[in-house]
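For reference, the chains in residue letters:
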Amino acid sequence: MTCFQRLMTCFNDFPGRRPLRWLPVFAALAVAAAPGGADAAARRAGGAYDGTWNVVFATTRGNCSSAYSVPFLVMGSRVSSAGAGQVSGTVNRAGVVAVNVSVGASTASGGGRLAGAIGAGSWRGIITGDRCSGTWQASRS
């Protein structure tokens, strides 16, 4: 018996529940759990945002220095460091990006959007002991 059939049997046991009502949920779960067919193909073909991005941070709140930059590397849906420090994050097909950056004792997280060869967003973190936040702008090299 397949996993889907077992789940449908379980839902048949609940009185008043129609199994077909749950079909879209199971279909979405099956697609998400399937081995990365479309995702793997996108990685092999290269993502729309692949490349090195120069990200310039500006501080709008707090006592942190402004206008410092960190190079990021985007490959497929992953964001990583292209220089010093640790960078980890993701970018989806629509360009929505979420990133965590760590350089020495300083840490920050941010989010925003990439479009074509530019991007922008906001960040917050603790930089050399001070709580700060601000904006970022990116351009692809």
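The structure contained in this document is the topic of the report that follows. (Residues numbered from 1 in each chain as written. Predicted model: local features only at pLDDT ≥ 70, side-chain atom pairs only at ≥ 80, totals over all residues. Heavy atoms only, no water.)

Remarks on the overall build of the chain
Of regular secondary structure, the chain possesses 3 helices and 8 strands. Going through the 141 residues of the chain one by one, you find that 24% of them count as buried. Considering only contacts within the chain whose residues lie at least 6 apart along the sequence, 31% involve residues at least 24 apart. A total of about 9,000 Å² of accessible surface is found on the chain, and carbon and sulfur atoms cover 59% of it. (Helix = DSSP H or I, 4+ residues; strand = E, 2+ residues; numbered from the N terminus. Buried < 20%, exposed > 50% of the residue type's maximum accessible area, 1.4 Å probe, protein only. Contact = heavy atoms within 4.5 Å. Areas by Shrake-Rupley, 256 points an atom, 1.4 Å probe, with all protein chains shown as cover.)

Description of the packing of aromatic side chains
Aromatic rings in a pair are described by how distant their centres are and how their planes are angled relative to each other. In the structure shown here, the tally under the stated rule is 4 aromatic pairs. The interplanar angle of 70° and the centroid separation of 6.3 Å between the aromatic rings of Tyr 68 and Trp 123 together place this pair among those described as edge-to-face. Taken together, the positions of Tyr 68 in strand E2 (residues 68-75) and Trp 123 in strand E7 (residues 118-127) put the pair 55 residues apart, joining distant regions of the chain. Put simply, the rings of Phe 57, Tyr 68, Phe 72 and Trp 123 pair up and form one aromatic cluster. (Phe/Tyr/Trp six-rings, centres within 6.5 Å; stacked < 30°, edge-to-face > 60°.)

Some points on unusual backbone geometry
A positive phi angle is found at Thr 128, which is not glycine, with a value near 45°. For Thr 128, the location among the structural elements is in the loop between E7 and strand E8 (130-140). Look at Thr 128 and you get exposed, because its relative accessible area is 65%.

Details of the sheet that holds strand E3 (residues 78-81)
Spatial strand order, E1-E2-E3-E4-E5-E6-E7-E8: 8 strands in a closed barrel with antiparallel pairing. Here the average twist between neighbouring strands, direction ignored, is 25°. (Pairing = 2+ DSSP bridges. Axes fitted to C-alpha atoms, helices over the stretch in contact; angles between N-to-C directions.)

Describing the state of the cysteines
Counted according to the given criterion, the structure contains 1 disulfide. At a sulfur-sulfur separation of 1.7 Å, the disulfide partner of Cys 64 is Cys 132. Its S-S torsion of about 85° marks the bond between Cys 64 and Cys 132 as right-handed, since a negative value means left-handed. Pair noted here: Cys 64 is in the loop between strand E1 (51-61) and E2 and Cys 132 is in strand E8, with a separation of 68 residues, a long-range link. Cys 132 carries the same exposure label as Cys 64, and that label is buried. (Disulfide = S-S within 2.5 Å.)

Focus on the nonpolar core
In this structure, Trp 53, Phe 72, Val 79 and Trp 136 are the most contacted members of the largest nonpolar core, which totals 21 residues. At the level of secondary structure, the elements contributing two or more residues to this core comprise E1, E2, strand E4 (86-91), strand E5 (96-103), strand E6 (106-115), E7 and E8. Those residues in contact with Val 79, other than ones at most four positions away along the chain, are Phe 72, Leu 73, Val 74, Val 87, Ser 88, Gly 89, Thr 90, Val 91, Val 97 and Val 99. (Core = buried A, V, L, I, M, F, W, Y, C linked by side-chain atoms within 4.5 Å.)

Remember that the coordinates give geometry; whether it matters functionally is a separate question.
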